[in-house]
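Working through the structure, step by step
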Amino acid sequence: MGRMAKERTTSQPKPVEKFELSEKHIGWRILFFILFVVIAATAFAYGINSLFTTEPGWQEIEADAAAGVNCGNEFVLMYHLGISGRDATVENKALKIIYTDACELAYKLFHNKETFDDVTNICYINQHPNEEIVVDDALYQAFSIIQRNGDRRLYLGPVYDQYEEIFYCEDDTMLVNYDPLLNEELAAEYAMISDYANNPQMIDIKLLDDNKIMLEVSKEYLAFAEEHYITQYIDFFWMKNAFVTDYLADTLIENGYTAGTISSYDGFSRNLGKMEESFSFNIYDRMGQTIYPAAVMQYSGTRSIVYLRDYMMNNQDEEHYYVMEDGTIRTSYIDVNDGIAKTATDNLYAYSEQLGCAELLLKAAPVYVTDDFSEEAVKELTASGVYIIYCEDNTIKYNDASLVLTDLFDESGITYKKAYVGK
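What you see is a predicted model; the values in this text were computed from it and never measured.

1. Structural notes on the confidence of the model for the protein chain
Per-chain confidence: the protein chain averages 89 in pLDDT, with 87% of residues scoring 70 or above. Contacts for the low-pLDDT stretch residues 45–51, under 50 throughout, to residues beyond four places or in other chains number zero contacts.

Have a look at this one:
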């Protein structure tokens, strides 16, 4: 049944009434109006001023995305503004400019897929084998560190280029095209590339004077590369942010900014100077599909930290990990000896008071990116000032006798303990 609308009744509008404004107290009204305007203007000015004024203390400094492409989204810079005696607002603005410029240059220098007109980067070097090239000091120093440590992972570029497609697979059926553990032909190709990568006669970065370098590639390897459509000879891949962290930290230190810390989303962290404050670093451990906050490392002073893990901790990690339907995890830690991704334990922490993140990583990688974990290898690192933390059977093991661990996890029947394994 349809609804019946109620009958409307019309009403006559009320006559307009006139009101006379009293002139009584008109002076007070004007005064209150003026006060209201002044208060509103003052509040507005205060609000505007607060937008451009920075309070002293610990603040996160963000790279300015509007200034151009940069790697700022991969890092967190925390800085104690005003502690040096400078005005916090002035210091914040100056620091932001320096940090933004450094993030932009780092993004361009270590880019392996695109060239830029104003820099000579990894992509450009790959396009010009056997040519003398002038590079920025940041890249020259990165190559120097690699050469000094005798590490050859840089030369696995062709493996990295193909292997990283694993992390963009939509399901397990696509893995066979990129995963050497599922594709014997691909495994054989990766093994051949590893042989080339480990042979300085086949490929090598020569460090020349005045920041000049040459990517020397043999005729044999050039022919192999052409046959296999290889265009990317070198790449820092998963190691990149260790070098970028050092570059950003060193740039800030050189400009007098030492009261802060910088860390990347993928596990590289550095204190910029000897600060009196105490710091803490969470130690995690994976057991099955669960990640536990096993303990907290307490420390102070200068320190570089490298955190290697076979599991994801944030959304950005999707670029370096793939979780299969059965829970198996593919990582980006490729063994230079055979081109196969490996992790000897679920997680490993390395730290040092003397070394930067890059050199620290190169010393820790052989312990982690391998088939079997060696406690003896961990002990040997102690002599070089490299300290290691790793977890095994609910036990946090470490080779630094002075390490302070707090907040050991103890919940729901899961209990962690600690054990010193140094000499």
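Anyway, onward from the coordinates.
2. Digging into helix α9 (residues 357–368)
Its twelve residues place the ends of α9 15 Å apart at the C-alpha level, agreeing with the 16 Å of an ideal helix rising 1.5 Å per residue. Counting buried positions along α9 gives ten out of twelve residues, so the element sits mostly inside the fold.

3. A short note on the pairing of strand β2 (residues 75–81)
Walk down a regular strand and you will see the side chains alternate between the two sheet faces. Burial analysis of β2 places five of its seven residues in the buried class, which makes it a mostly covered element. Taken together, the five bridges between strand β1 (residues 57–61) and β2 define a ladder with antiparallel strand orientation. Looking across to β2, one finds that G57 is bridged to L81. In this structure, β2 lies alongside strand β6 (residues 260–264), joined through five bridges in antiparallel fashion. Its bridge partner lying in β6, F75 is registered against S264.

4. Topic: the packing of aromatic side chains
Within the structure shown, the criterion is met by 23 aromatic pairs. The side chain of R86 reaches across the aromatic face of Y257, ending 4.7 Å from its centre. In this structure, R309 packs its charged tip against the face of Y307, placed 5.2 Å from the ring centre.

5. A word on the state of the cysteines
One pass over the structure, following the stated rule, counts zero disulfides. Left without a disulfide partner, C103 is nearest to the cysteine sulfur of C71, which lies 4.3 Å away.

6. A short note on the pattern of salt bridges
As a working rule, side chains carrying opposite charge can pair if their charged atoms are close by. On inspection of all chains with the given rule, the structure shows 23 salt bridges. K108 is paired through a salt bridge with E104; the nearest N and O atoms lie 3.2 Å apart. Linking K108 with E104, this pair stays in helix α2 (residues 88–109), spanning four residues, or about one helical turn. A network of salt bridges, in which partner residues are shared, links D335, D338, K342 and D371.

7. Digging into the nonpolar core
Counting residues in hydrophobic clusters, the biggest one holds 123 residues, and the most contacted among them are Y99, F143, I234, F236, W238, F243 and M297. The element best represented in this core is α9, accounting for nine residues. The contact partners of M297, leaving out residues within four places of it in the chain, are F279, S280, F281, I283, R303, I305, Y351, I389, L403, V404 and L405.

8. Notes on the sheet that holds β1
The nine strands are arranged β1-β2-β6-β7-β10-β13-β14-β15-β19 in an open sheet whose pairing can be described as mixed. Only two strands of the sheet have a single partner each, and these edge strands are β1 and β19 (417–420). Each strand of the sheet is rotated relative to its neighbour by a mean of 15°, with strand direction disregarded. Its contacts with the sheet put α2 on β1, β2 and β6, and the angle it makes with β2 is roughly 155°.

Reading the values: rules and limits
- Residues numbered from 1 in each chain as written.
- Predicted model: local features only at pLDDT ≥ 70, side-chain atom pairs only at ≥ 80, totals over all residues.
- Heavy atoms only, no water.
- pLDDT = per-residue confidence, 0-100.
- Contact = heavy atoms within 4.5 Å.
- Helix = DSSP H or I, 4+ residues; strand = E, 2+ residues; numbered from the N terminus.
- Expected span 1.5 Å × (residues − 1).
- Buried < 20%, exposed > 50% of the residue type's maximum accessible area, 1.4 Å probe, protein only.
- Pairing = 2+ DSSP bridges.
- Phe/Tyr/Trp six-rings, centres within 6.5 Å; stacked < 30°, edge-to-face > 60°.
- Lys NZ or Arg CZ within 6 Å of the ring centre and 35° of its normal.
- Disulfide = S-S within 2.5 Å.
- Salt bridge = Lys/Arg side-chain N within 4 Å of Asp/Glu carboxyl O.
- Core = buried A, V, L, I, M, F, W, Y, C linked by side-chain atoms within 4.5 Å.
- Axes fitted to C-alpha atoms, helices over the stretch in contact; angles between N-to-C directions.

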